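Secondary and tertiary structure notes
This is what each chain is made of:
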Amino acid sequence: MERIPILRMGDFLLVTIQVDMHDRLAMTLQDDLTTRISKTGATGVLIDISALEIVDSFIGRMISNISAMSRVLDAQTVIVGMQPAVAITLVELGLTLPGVKTALDVEKGMQMLRVIGGGSVVPPESDGDDDRQEY
Amino acid sequence: MIGGEAGKMALYQAVLDNEKALLDEWVKEQIGAFSRQGAIRETELRQQCETFLRLFVQAIRDGNTTDLRTPEWEAVLRFLSDVSSSRGEQGFSPSETATFVFSFKRPLFTALGKAHQDDGKALADAVWEATAILDRLGLHTMDVYLKTRETIIARQQEDMLELSTPVVSLAEGILALPVIGTLDSARTQVVMESLLQRIVETGSTQAIIDITGVPTVDTLVAQHLLKTVTAARLMGADCLISGIRPQIAQTIVHLGVELGNVTTKATLASAFAVALDRQGMKIVRSKPQA
Amino acid sequence: MATMIVRSTETLPIRAEADVVMVRQKARAVATEAGLGLVDVTKLVTATSELARNALIYGGGGTALIESLQDGIRKGVRLTFEDQGPGIPDIEKAMTDGYTSGSGMGLGLSGAKRLSNDFSIHSVVGQGTRVMIARWK
C-alpha cells in the first residue's frame, strides 16, 4: 500500500509530503505518525509541506489532528514550508490552524523544536548548543 | 427604397473612377484634422488609406452593403481593427482615431456629386448608401479603440499595484512593508502576496507592516491586515503592525475589530526594536552622542 | 452574458478518492492555461477539492464539468459539480461555517464560496445537488 515515508533524525521525526494526497493517504499518515511517535519516544515532529500545492479543509484537519495528538504523546509538531498561495487560501477558507506551530523551513523548524523540546539531532560530544543531551 | 443595388453600383463606380483624387483629398483632410503636428507620418497615413480604399472597393463590389458581418467585409473590418488598435496603443484620442473613417465622407461625397451631377435621385441613393456603410465602419473603429484602451488601463492598473508595494529588508531576517495610500481589496491582495513571497525568498521570520501612510482603516482593511498576519503565521513568520495613529486606534476600537494577538506598535522604530529583539539582535551606539 | 464564450469543456467522473485528485489536477491545468495567477489557481483548486469531496462523500459520487471561459477581455474557469445523492434539505444551514453532517470541518460549502468569484447551488431532496463555481482572472 502507498505510504508517505517517516524519517527519524535523533529525537525528531521528519515527514516530507511530496505528492498530491488523496484522503486515505492522509489518514494513513496520521495513523503511522502517532504509532511512530509512541514507539520511538520522539520529542518533535517536522512536517515539510513546501511541495504541497493546496491544503484543503481535510488536509488542514489532518494537520491540526496530528499536532494535537502528538502533544498528547508528549511531542511537538512543527509544520514547515507552507507556500504563500496556500497560506492565503487557507485563511480565506476559514482555517487558521490555531495551536499549530509553524516555521519557514526545515532548519528553522528544527531550531524551534530544540528550543521548546530540548531534543537533539546531533551526538552530544560534537555540539554544545543543546541543554539536554542524554543519549 | 433608398440606396439598394443602384446606390451600391453608383458608389462602386464613383470610388473606382476617382481613386487617385479620393486618396489625395482624403489624406489632406486628415492631415488638417490632426491637432498635433507629426502625430502620424504622411507616408504611413497614405499607405493606410490606400489599403483601406482597395479593400473597401472589393467589399462593395462583392458584398452585401446592408450587413457588414458578411465574409466580404471581413478584410475591411480586420484592417480597421489594426489601424484602430495601433492608434489606441499610440495614445491617439478617440476623435483622432474615428477621423480615419469619417474624414473619408467629404471626398467621397464630392466624387459622388460629380458622378451624378444631373441625377438627384441617383445622388441621394449613393450618398445614403455611403453614409450607412461609413457610419458602421466608424462605430466598429470606436469599438476596437475602446477595447484597446480598456486592455491598456487594466495592464497599467496591475503595474501600479505592484509598484505601490515595495517590500524592504531592514536587517537579517526582518522585512518591512510601508503601505502608503488607501487599501482596497485588490490592493491588499497584492500587498499580501508580495510580502509573503518576499518572506519565503529571504527566509525572514519577522515582517513589519507599517500603515503610517494609510489615511483610514475601516473594518474591511482591518480584516485584510489580520488575514495577512494570519497567513504569515501559517508560513512560520511573525507579523507586526506599526504606524497606528491615534485616530486609527480609535476607529479600530469603535468598529469592534478584534486584532487578537497581533503585535501592534505606534511607530516603525518601536516595531523594529521588537523584531530585532525576537531575532536576538540589538542596536548599540558605537560612539558617544555628539 | 451574450458575449461569453466557452473555450473548452471537459467532464470528469467522481467515483473514488483518486478521482478527486484527478479533478483537482485537471482544474489546476485549465486555470493555469487560462492565465490565472498562482493565488487564484490555488483558491480555485482548493474550492474544487472541497466540492469534489462533497459530491463523493455526501452525494455518493457524481461528475465535475470543467469549462474554460472568455467574457470580453476577461478569462476564467467554471466548474459544475453534480451528484444524484440525497440532496441538501436546508441549504442555508449547510452554508454556515462549522456546520457538518459528516466528518469534515464544515467548511466545504461556505469555504468554496469564499474562494470563488461566482457561486451557485441548487439542490433537490431525493434527487441530488448541483454546485457551480467560477474564478476570473
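Note that the coordinates shown come from a computational prediction; the quantities given were computed from them, not determined experimentally.

Right, let's get into the pattern of salt bridges. Overall, the coordinates contain 26 salt bridges over all chains when judged by the stated rule. Salt-bridge contacts for Asp24 of chain B lead to Lys20 of chain B; the nearest nitrogen and oxygen are separated by 2.7 Å. Of this pair, Asp24 of chain B and Lys20 of chain B both sit in helix H2 (residues 19–33), 4 residues apart, which is roughly one turn of that helix. Notably, a salt bridge pairs Lys121 of chain B with Asp125 of chain B, separated by 2.8 Å at the nearest N-O pair. Of the two residues, Lys121 of chain B and Asp125 of chain B both sit in helix H7 (residues 120–163), 4 residues apart, roughly one turn of that helix. Using a relative accessible area of 6% as the deciding quantity, one classes Asp125 of chain B as buried. In this structure, a network of salt bridges that share partners links the residues Asp20, Asp23 and Asp56 of chain A together with Arg24, Glu50 and Arg53 of chain C.

The subject of this paragraph is the interface of chain A and chain C. At the junction of the two partners, chain A supplies 20 residues and chain C supplies 22 residues. Each partner contributes to the roughly 2000 Å² buried at the junction of chain A and chain C, and carbon and sulfur atoms together form 57% of this total. Between the two partners, chain A and chain C, sit 6 salt bridges. Between Asp20 of chain A and Arg24 of chain C there is a salt bridge, with its nearest N and O atoms 2.5 Å apart. Our enumeration of links across chain A and chain C arrives at 12 residue pairs in polar contact (both at pLDDT 80 or more). Counting residues per element, the ones that place at least two in the side of chain A that touches chain C are helix H1 (23–40), helix H2 (57–72) and helix H3 (84–93) of chain A. Counting residues per element, the side of chain A that touches chain C draws most heavily on H3 of chain A, at 6 residues. Residues belonging to the side of chain A that touches chain C are distributed by class as follows: 9 nonpolar, 4 polar and 7 charged.

One widely used convention gives an interface's size as the accessible area the parts lose upon coming together. The assigned domain composition of chain B is domain 1 (4–158) and domain 2 (168–278). Of note, the centres of domain 1 of chain B and domain 2 of chain B, computed from C-alpha atoms alone, are 56 Å apart.

Next up on the list: the confidence of the model for chain B. With 96% of its residues at a pLDDT of at least 70, chain B reaches an overall mean of 86. Across chain B, element-level confidence peaks in helix H11 (residues 268–278) of chain B with a mean pLDDT of 95 and bottoms out in helix H1 (residues 4–17) of chain B with 78.

Quick look at helix H1 (residues 17–33) of chain C now. Residue and element names in this part refer to chain C. Relative to the 24 Å expected for 17 residues at 1.5 Å per residue, H1 spans 25 Å between its end C-alpha atoms, a close match to the ideal helical length. Among all positions in H1, only Asp19, Val20, Val21, Val23, Arg24, Ala27, Arg28, Val30 and Ala31 are buried. Contact partners of the buried residues in H1: strand E1 (4–14), helix H2 (38–57), strand E2 (62–71) and strand E3 (74–83).

Here we come to the side chain of Glu67 of chain C. Residue and element names in this part refer to chain C. Looking at the secondary structure, you find Glu67 in strand E2. Using a relative accessible area of 10% as the deciding quantity, one classes Glu67 as buried. Residue contacts for Glu67: discarding those within four places in its chain leaves Val6, Ser8, Thr9, Gly76, Val77, Arg78 and Thr80.

Our focus in this paragraph is the packing of aromatic side chains. Under the definition given, this model contains 8 aromatic pairs over all chains. Seen from their ring centres, Trp26 of chain B and Phe104 of chain B are 4.6 Å apart, and the 45 degrees between their planes marks the pair as tilted. Residue Trp26 of chain B is found in helix H2, and its partner Phe104 of chain B is found in the loop between helix H5 (94–102) and helix H6 (105–115); the two are separated by 78 residues along the sequence. Phe104 of chain B matches Trp26 of chain B in its accessibility class, with the two residues each being buried. Taken together, a centroid distance of 5.8 Å and an interplanar angle of 85 degrees make the contact between Phe56 of chain B and Phe104 of chain B edge-to-face. In this pair, Phe56 of chain B sits in helix H3 (residues 42–62) while Phe104 of chain B sits in the loop between H5 and H6, placing the two residues 48 residues apart along the sequence. Here Phe56 of chain B matches Phe104 of chain B in class, with each residue buried. By the ring-pair criterion, three or more aromatic residues cluster together here, those being Trp26, Phe52, Phe56, Trp73, Phe100 and Phe104 of chain B. Stacked on the ring of Trp136 of chain C, the Lys or Arg Arg74 of chain C has its end atom at 4.1 Å from the ring centre.

The next thing to look at is the packing of helix H8 (residues 185–202) of chain B against helix H9 (residues 219–235) of chain B. When two helices pack together, their arrangement is captured by the angle between the axes and the distance separating the axes. Residue and element names in this part refer to chain B. For the pair H8 and H9, the least separation of the axes is 10 Å and the interaxial angle reads 20 degrees. As the angle between them shows, H8 and H9 are arranged roughly parallel. Of the two possible hands of crossing, H8 and H9 adopt the one that is right-handed. On H9, the residues that touch Ser185, Thr188, Met192, Leu195, Leu196, Ile199 and Val200 of H8 are Leu220, His224, Lys227, Thr228, Ala231, Ala232 and Met235.

The next point concerns the environment of Gln30 of chain B. All names here are of chain B. Looking at the secondary structure, you find Gln30 in helix H2. Spatially, the C-alpha atoms of Gln30 and Glu96 are 8.8 Å apart, while their sequence positions differ by 66 residues. Here Gln30 is in contact with Leu45, Cys49, Arg87, Thr99, Phe100 and Ser103, once residues within four sequence places are set aside.

With that settled, the discussion passes to the interface of chain B and chain C. Listed as interface residues are 4 residues of chain B and, on the opposing side, 4 residues of chain C. Both faces considered, chain B and chain C share a buried interface measuring about 330 Å² in area, 62% of it formed by carbon and sulfur atoms. Inspection of the region where chain B meets chain C yields 0 salt bridges. Among the secondary structure elements, those contributing two or more residues to the side of chain B that touches chain C are H7 and H8 of chain B. Looking at side-chain class alone, the side of chain B that touches chain C contains no nonpolar, 2 polar and 2 charged residues.

Each value, and the rule that gives it
- Residues numbered from 1 in each chain as written.
- Chains lettered and ligands numbered in written order.
- Predicted model: local features only at pLDDT ≥ 70, side-chain atom pairs only at ≥ 80, totals over all residues.
- Heavy atoms only, no water.
- Salt bridge = Lys/Arg side-chain N within 4 Å of Asp/Glu carboxyl O.
- Helix = DSSP H or I, 4+ residues; strand = E, 2+ residues; numbered from the N terminus.
- Buried < 20%, exposed > 50% of the residue type's maximum accessible area, 1.4 Å probe, protein only.
- Contact = heavy atoms within 4.5 Å.
- Buried area = accessible area lost by both parts, 1.4 Å probe.
- Polar contact = N/O pair within 3.5 Å; in protein donor to acceptor, adjacent residues only side chain to side chain.
- Nonpolar A, V, L, I, M, F, W, Y, C, P; charged D, E, K, R; others polar.
- Domains from an automatic or database assignment.
- pLDDT = per-residue confidence, 0-100.
- Expected span 1.5 Å × (residues − 1).
- Phe/Tyr/Trp six-rings, centres within 6.5 Å; stacked < 30°, edge-to-face > 60°.
- Lys NZ or Arg CZ within 6 Å of the ring centre and 35° of its normal.
- Axes fitted to C-alpha atoms, helices over the stretch in contact; angles between N-to-C directions.
- Parallel < 35°, antiparallel > 145°, perpendicular 65-115°, else oblique.
- Left-handed = near helix turned anticlockwise from the far one by under 90°.

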